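Residues per chain, in single letters:
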Amino acid sequence: MKSRTILTTLIIAMILAFGFLSTTTGQTRKQLSVVIDTDSTRADEAQAIAHNLRAIGVSADVRIWEWNALKERIQAGERQMYLTAWGSAYFDPFDIIVPKFYSGDRGNYSGYSNARFDAALDRALRAVDNDARREAYFDAQQILYDDAPAIFGYSLMEVEAARSDVLNWQPSMDSRVNLHDVGLARGDTIVVGLYADKILTLDPAAYRDRPTETVIRNMFDALVTRTWDGKVVPEIAEAWKAVSDTEYLFRIRRGIKFHNGDLLDADDVVFTFDRVLREGAMGGRTSPRKGLLGPVEKVEKVDQYTVRFVLSSPFPVLPQALVHFQIVPRKYVERVGDEAFARKPVGCGPFKYVEGQFDDKIVMERFDDYYGGSPSIPPVGPARVKRAIFRMMPDPTVRVAAVKTGEVHIIQSVPSHMAAALVRDKNIQVKSVEGTRVYMVEMNCRRPPFDDPRVRRAMNYAVDWDAILRTVYAGNATRLATAFLPSGFGFNQSIVPYKYDPARAKALLAEAGYSTK
Amino acid sequence: MIRLSRTQAKIVERILATIPLALGVAVAAFIFMRAIPGDPVDIMMGEAAWTSEEEMAALRGEMGLDEPMHVQLWTYLKQVFKWDLGYSIVRSRPVADIIREALPATIELAVFAMLFALAVGIPIGVASALNPNSFMDRVGTCLSLVGVSLPAFWLGIVGILIFSMILGWLPTSGRIAYGAQPAHVTGLLVLDALITGNLPALGNALKHICLPMITLGLGVAAVVARVTRSSMLDVLSADYVQFARAKGVPERDVTCRHALRNAMIPTVTLVGLQFGSLLGGNMIVETIFGWPGLGRVVVDAIFARDYPVVQASVMVYALTFVLINLVADIIHTVLDPKISL
Amino acid sequence: MGHVSIPSDELCKGVISTARTVPYVRASRRRGTVKRLLAHGGGRTGLIIVAAFVLVAVLAPVIAPYAPDEVDLDSWLIPPGFGSGHLLGTDQLGRDILSRIIYGSRVSILVGLTTILISSVVGIGLGMLAGYYGGALDRVLARFTELLLAFPYLIFVIAIMSVIGPGFWNLVWALSFKGWVEFYRLARALTMSEKNREYVDAARALGRSDGVILVREILPNISNSMLVLGTLRMGNMIMTESSLSFLGLGIPPRIPAWGSMIADGRRYMLGAWWVATLPGIALALLVLGMNLLGEGLRDVLDPKMMEG
């Protein structure tokens, strides 16, 4: 009997409590409730954001997913708010803003669609004149800022470290590790701790990821290359010019030798691009890199040292794109076949391949007959070190430990909070460059509540990015006003990022009909 | 007609029984991987502009990913029967090459972790059993229980910080230094170095395997110690041991000759079962120590949805698991003739 | 999952003999068990540790100095000490580690308990059926469990976590998916040896149905062994949860769990050792307690060990 009385009392108490709760919070306004999705790498940031949202009366929770599983759900439009990032390789909004925010494009996870914005991007893509392009991008930036399809975030500084006996070392914004230019005060073998778990291949036409490219670019050269801060300079090509909006001529340097002694000429260049562009050109398989060449239709030989690029529509970023297409030796590839080429690659870069295992390390040796590399990036001549080794070191703590013990000379991708420990070490030099990846929190603009721009703007005002970047990323980050990068073409400095302003956020939420705290 | 003894026939039967198992595992892997959301081609294409749906569809078609599921499964099974493991979607090379490259590293690490576990676990277990509830026994119990309860990823990082960074005794990661590799015989570096008599290579390889081996093997060592202790206690109280004691056989002989041999029977079964988990469970240790083994390949392939690589590796794992347990059972019969296969 | 477990067959070897020699007696014997457990050194320590953790878990809201998910970016990575008001320091988001460990005990114990409960119900049920009836059912289950054991667990977990999404219950399902096999194997072996014993024959002679025999006669006689296996496996389940967090597949971060605390803190090992190490110690302590309790139970329930 007694227990039944207690039970009854309890139930009554609960009903009363619920009633009490609902009378205090249950005004005519509804409470905004969001689930923030992320993969595990940005879990801390997501929790800090959720904390900010809760502070203004939004019920916020974080879910951690395996990224590719999450991506599929985002693409299906099933999720509300998600931490995403997108990298740019071409130093132009072309490969970041367009895929990310153009209506229906491949990376447009927010489902954002605005005809005026699309039109501005179209103008920027079609124009060849730089002023017109810049103006179009400025317009697009302002529209994007106002519509706020995402909580705009930041770009991370890319922190790299090297032993102090590594000379003339400079990290690049495109995460290239330029081993041609560096020297060693002691010893002749330089070891790089690559942040990757593996590289995919040694065939310049068969991958799309950065680590693979980092290794390949030390064995292969391209028509053009970049300075560390993103300017395009000649490499294999001596010079180039645009004949029209859709036609470019490249003149090739004479006397460049491949590692097997063959001389490089227009045939090799044409072959290289044909392998990428033509379906089934890699021994029956198609290169995954075709899309990176945009509207390039074909590459033709004009004479032994001149090639012509023919485009189907204007493509002002072509020189930037060509940095990523390494020239392969036609005769060698045709003789040994594509699979054998990938196993025993031959290029014309400063180092030649010795041996390696893609999950372990790649060893290469100086190519003594090297033509010298880009005259715009001194020193010119053969590489200064005799041997270079890339080691796969997926764990960041281990990379840092390895550079401290001297096991490796250069490491990439030092986590921000470990950089401080390295700076204090006298044997280590730490440098950072502006990153080319934009990190943000996208919102699903197709469904309530984020189909209302006021709510999206409220979210932008609600997040205290300065505090998050200062702690979670130890200050190694640049706050961005939109998803346009300062290093990219057409960046409008005069747009200031959304301020941290909880009062404003609450006002906007209230205006949209949501309760606040 | 070849006549087989009963035991031999049993062994043949067990080996033949692995074929349906391998097939079952392959089919399960196929189904599970397809059930996980994510598109391998989309993942491979990364973040870039101008990647059209047509371009991706063409690649999907080239890899046969656009066929209906049952057709894909059928194609896959036909391939397996032709002893063809397929072609990696992401790494654009034959899967067989990838596995051939990675498997020796994984086996080497698992074998060493197991040797470490036995070398540490059995003495502790035996010593505890000989003096149950003594101080020694308590310490052994605590040590081994702590050993089971430390997560490998924590242990590995702490090991690297202490032994590589602070003390500088051991390398942080990798399998062997460049230039020290022994000539390729089996792919197991330590074994190769021994075969070719290359002492510097042996030293270098051992230094590299030290930390990963301990990180991976410590938990198993703890379990080995517990099992050895309890089976040893059982055996020591068994009639025939009491009888031997009563007959005046020296205590040392009782322990070593009679008790230990019998107490090893459960340990052998354990080794068989645990070896499987060492092979299949070392992806975390491999990632931390940059150990170029199959575990890392599989995890990576799962995240990249590289179906052919996952399917093939899962089959390799399953076969190894079954075969090792078969070997354990054979050792069993040698240790204790009463047990039949 | 990188973690090892004592295989059930070996671990409960001693207990199998218990079931053979000691017929089932009701509550009076159970009370004796507790008493003898308290007299058993390891068992007592284990019981105290586990009881302490359970107490902490129950009283979490009362004893935790802060809310476990209270982010305070101004006081991040404070080292342990008395001065700051954070006895065990704070983590990378300025959350109080002591409070998180206290609340984390709830999740860890809950994960352990529920996975063991689900695994044991499924495992014992199927195991008893297979052991009692044998035949086709037994053969099918034998093949199926073999397949499960040979199949890399990680693929299961990633598949489950990504198909049904992250969450506490999904994690429990993922952990139980393979966890039941051990219970199945032991229950089957025990049932096979029990079903031919006199008391079962007697029940049959009295005309009891198979269901009644299984539940009323055999189950009580194998439950001791199952209890021991359960306590011993629980620590293991908690460990596995931490490994899943390492791979980014753990439970939602707002619920503090030791596993994800260790996994996240691992990144700060170089500068802030306490973030990963302190929850690691808590985890090790609980697993230690569970194992001591389990082994104590086994010793106590096994008359042979009592003699020795």
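Residues numbered from 1 in each chain as written. Chains lettered and ligands numbered in written order. Predicted model: local features only at pLDDT ≥ 70, side-chain atom pairs only at ≥ 80, totals over all residues. Heavy atoms only, no water.

**Quick notes on the overall build of chain B**
Reasoning step 1: Helix and strand counts for chain B stand at 14 helices and 0 strands.
Reasoning step 2: Listing the helices and strands of chain B from first to last along the sequence gives α-α-α-α-α-α-α-α-α-α-α-α-α-α.
Reasoning step 3: For chain B, the spread of C-alpha atoms along the principal axes amounts to about 85 × 65 × 40 Å.
Reasoning step 4: A burial count over chain B gives 57% of its 341 residues as buried.
Reasoning step 5: If you take every contact in chain B between residues at least 6 apart in sequence, the share linking residues at least 24 apart comes to 73%. (Helix = DSSP H or I, 4+ residues; strand = E, 2+ residues; numbered from the N terminus. Buried < 20%, exposed > 50% of the residue type's maximum accessible area, 1.4 Å probe, protein only. Contact = heavy atoms within 4.5 Å.)

**Quick look at a nonpolar patch on the surface**
Residue and element names in this part refer to chain C.
Reasoning step 1: A cluster of nonpolar side chains, Val54, Leu55, Val58, Leu59, Val62 and Ile63, forms an exposed patch at the surface whose accessible area comes to about 540 Å².
Reasoning step 2: Of all the secondary structure elements, the ones that give two or more residues to the nonpolar patch are helix H4 (41–58) and helix H5 (60–63).
Reasoning step 3: Topologically, isoleucine 63 is positioned in helix H5. (Patch = residues over 30% accessible without salt bridge, like charges linked within 9 Å, V, L, I, M, F, W, Y side chains within 5 Å. Areas by Shrake-Rupley, 256 points an atom, 1.4 Å probe, with all protein chains shown as cover. Salt bridge = Lys/Arg side-chain N within 4 Å of Asp/Glu carboxyl O.)

**Things to note about H4 of chain C**
Residues and elements named next belong to chain C.
Reasoning step 1: The terminal C-alpha atoms of H4 lie 26 Å apart, and with 18 residues this matches the ideal 26 Å at 1.5 Å per residue to within 8%.
Reasoning step 2: Three or more residues of H4 are buried, namely Gly43, Gly46, Ile49, Val50, Phe53 and Ala57. Down the axis of H4, the buried side of the element spans an arc of 135°, and every buried residue falls inside it. More than 90 degrees from the buried face of H4, the exposed residues found are Ile48, Leu55 and Val58. (Expected span 1.5 Å × (residues − 1). Arc of directions from axis to C-beta.)

**Observations concerning the packing of aromatic side chains**
Reasoning step 1: Counted under the stated rule, the structure contains 28 aromatic pairs over all chains.
Reasoning step 2: Summarising the aromatic geometry, the rings of tyrosine 137 of chain A and phenylalanine 484 of chain A are spaced 6.1 Å apart at their centres and angled 70° between planes, so their arrangement reads as edge-to-face. Note that tyrosine 137 of chain A is positioned in helix H6 (residues 130–147) and phenylalanine 484 of chain A in the loop between strand E21 (477–479) and helix H16 (502–511), a separation of 347 residues in sequence. This pair shows no difference in class: tyrosine 137 of chain A is buried, exactly as phenylalanine 484 of chain A is.
Reasoning step 3: Note on phenylalanine 53 of chain C and tryptophan 258 of chain C: the rings are 5.6 Å apart at their centroids and 65° apart in plane angle, and the pair reads as edge-to-face. With phenylalanine 53 of chain C in helix H4 and tryptophan 258 of chain C in helix H12 (residues 258–265), the pair connects residues that are 205 residues apart, well separated along the chain.
Reasoning step 4: On the basis of relative accessibility, which here comes to 0%, the residue tryptophan 258 of chain C falls in the buried class.
Reasoning step 5: The rings of Trp240, Phe250, Phe273, Phe309 and Phe325 of chain A are connected pair by pair, giving a single aromatic cluster. (Phe/Tyr/Trp six-rings, centres within 6.5 Å; stacked < 30°, edge-to-face > 60°.)

**A few points about the pattern of salt bridges**
Residue and element names in this part refer to chain B.
Reasoning step 1: All told, the structure shown has 55 salt bridges over all chains when counted by the stated rule.
Reasoning step 2: Between arginine 229 and aspartate 137 there is a salt bridge whose closest N-O contact spans 3.0 Å. Here aspartate 137 lies in helix H6 (residues 135–149) and arginine 229 lies in helix H9 (residues 199–236), a separation of 92 residues in the sequence. Take arginine 229 and aspartate 137: they sit in the same class, and that class is buried.

**Observations concerning the interface of chain B and chain A**
Reasoning step 1: With 48 residues of chain B at the contact, the number on the chain A side is 57 residues.
Reasoning step 2: Counting each side, the surface lost to burial between chain B and chain A is near 4500 Å², with a carbon and sulfur contribution of 52%.
Reasoning step 3: Considering only the side of chain B, the residues that lose the most area to chain A are Glu47, Trp50 and Tyr178 of chain B, jointly responsible for 17% of the buried surface there.
Reasoning step 4: Seen at the junction of chain B and chain A, the total is 9 salt bridges.
Reasoning step 5: Aspartate 42 of chain B is the salt-bridge partner of lysine 71 of chain A, the closest N and O atoms lying 3.0 Å from each other.
Reasoning step 6: At the level of elements, helix H2 (40–45), helix H3 (53–62), helix H5 (95–130), helix H7 (152–166), helix H12 (283–288) and helix H13 (294–304) of chain B are the ones that each hand at least two residues to the side of chain B that touches chain A.
Reasoning step 7: For the side of chain B that touches chain A, the element with the highest residue contribution is H7 of chain B, accounting for 5 residues. (Buried area = accessible area lost by both parts, 1.4 Å probe.)

**A look at the pairing of strand E12 (residues 247–252) of chain A**
All names here are of chain A.
Reasoning step 1: Here E12 shows a clear split, with Tyr248, Phe250 and Ile252 buried on one side and none of Glu247, Leu249 and Arg251 buried on the other.
Reasoning step 2: As judged from the 6 bridges shared by strand E11 (residues 237–244) and E12, these two strands associate in the antiparallel manner. Its bridge partner lying in E12, tryptophan 240 is registered against phenylalanine 250.
Reasoning step 3: The hairpin formed by E11 and E12 contains 2 residues between the paired strands.
Reasoning step 4: Inspection of the sheet shows E12 paired to strand E14 (residues 306–311) by 5 bridges, in the antiparallel sense. For phenylalanine 250, the partnering residue across the bridge sits in E14 and is valine 307. (Pairing = 2+ DSSP bridges.)

**Describing the side chain of glutamate 213 of chain A**
Reasoning step 1: If you trace the backbone, glutamate 213 of chain A turns up in helix H7 (residues 210–216).
Reasoning step 2: Other than its neighbours up to four places away in sequence, glutamate 213 of chain A contacts Tyr207, Arg289 and His324 of chain A.

**Some words on the domain arrangement of chain B**
Residue and element names in this part refer to chain B.
Reasoning step 1: For chain B, the assigned domains read domain 1 (21–81) and domain 2 (102–335).
Reasoning step 2: Computed over C-alpha atoms only, the centres of domain 1 and domain 2 are separated by 36 Å.
Reasoning step 3: Taken together, the 16 residues of domain 1 in the interface contact 14 residues of domain 2.
Reasoning step 4: In total, about 1300 Å² of surface goes out of reach between domain 1 and domain 2, with carbon and sulfur atoms giving 76% of it. (Domains from an automatic or database assignment.)

**Considerations on the sheet that holds strand E4 (residues 150–156) of chain A**
All names here are of chain A.
Reasoning step 1: If you trace the 6 strands from one edge of the open sheet to the other, you get E2-E1-E3-E20-E4-E21, paired in mixed fashion. Looking along the sheet, the strands with just one partner apiece sit at the ends: strand E2 (59–65) and E21. Mean inter-strand twist for the sheet, computed between neighbouring axes without regard to direction, equals 30°.
Reasoning step 2: Here E4 runs beside strand E20 (residues 437–443); their pairing, made up of 4 bridges, is antiparallel. Bridging across to E20, phenylalanine 152 finds its partner in methionine 440.
Reasoning step 3: On the sheet, helix H2 (residues 43–55) packs against strand E1 (33–39), E2, strand E3 (81–87), E4 and E20 and is oriented at approximately 165° with respect to E1. (Axes fitted to C-alpha atoms, helices over the stretch in contact; angles between N-to-C directions.)

**As for the packing of H6 of chain B against helix H13 (residues 274–301) of chain C**
Reasoning step 1: Contact geometry of H6 of chain B with H13 of chain C gives a least axis separation of 9 Å together with a crossing angle of 125°. Considering the angle they form, H6 of chain B stands oblique to H13 of chain C. Crossing hand, H6 of chain B versus H13 of chain C: right-handed. Contact residues: H6 of chain B offers Thr141, Cys142, Leu145, Val146 and Ser149 of chain B, while H13 of chain C offers Leu283, Ala284, Val287, Leu288, Asn291 and Leu292 of chain C.
Reasoning step 2: When its residues are assigned to classes, the contact of H6 of chain B with H13 of chain C shows 8 nonpolar, 3 polar and no charged. (Parallel < 35°, antiparallel > 145°, perpendicular 65-115°, else oblique. Left-handed = near helix turned anticlockwise from the far one by under 90°. Nonpolar A, V, L, I, M, F, W, Y, C, P; charged D, E, K, R; others polar.)

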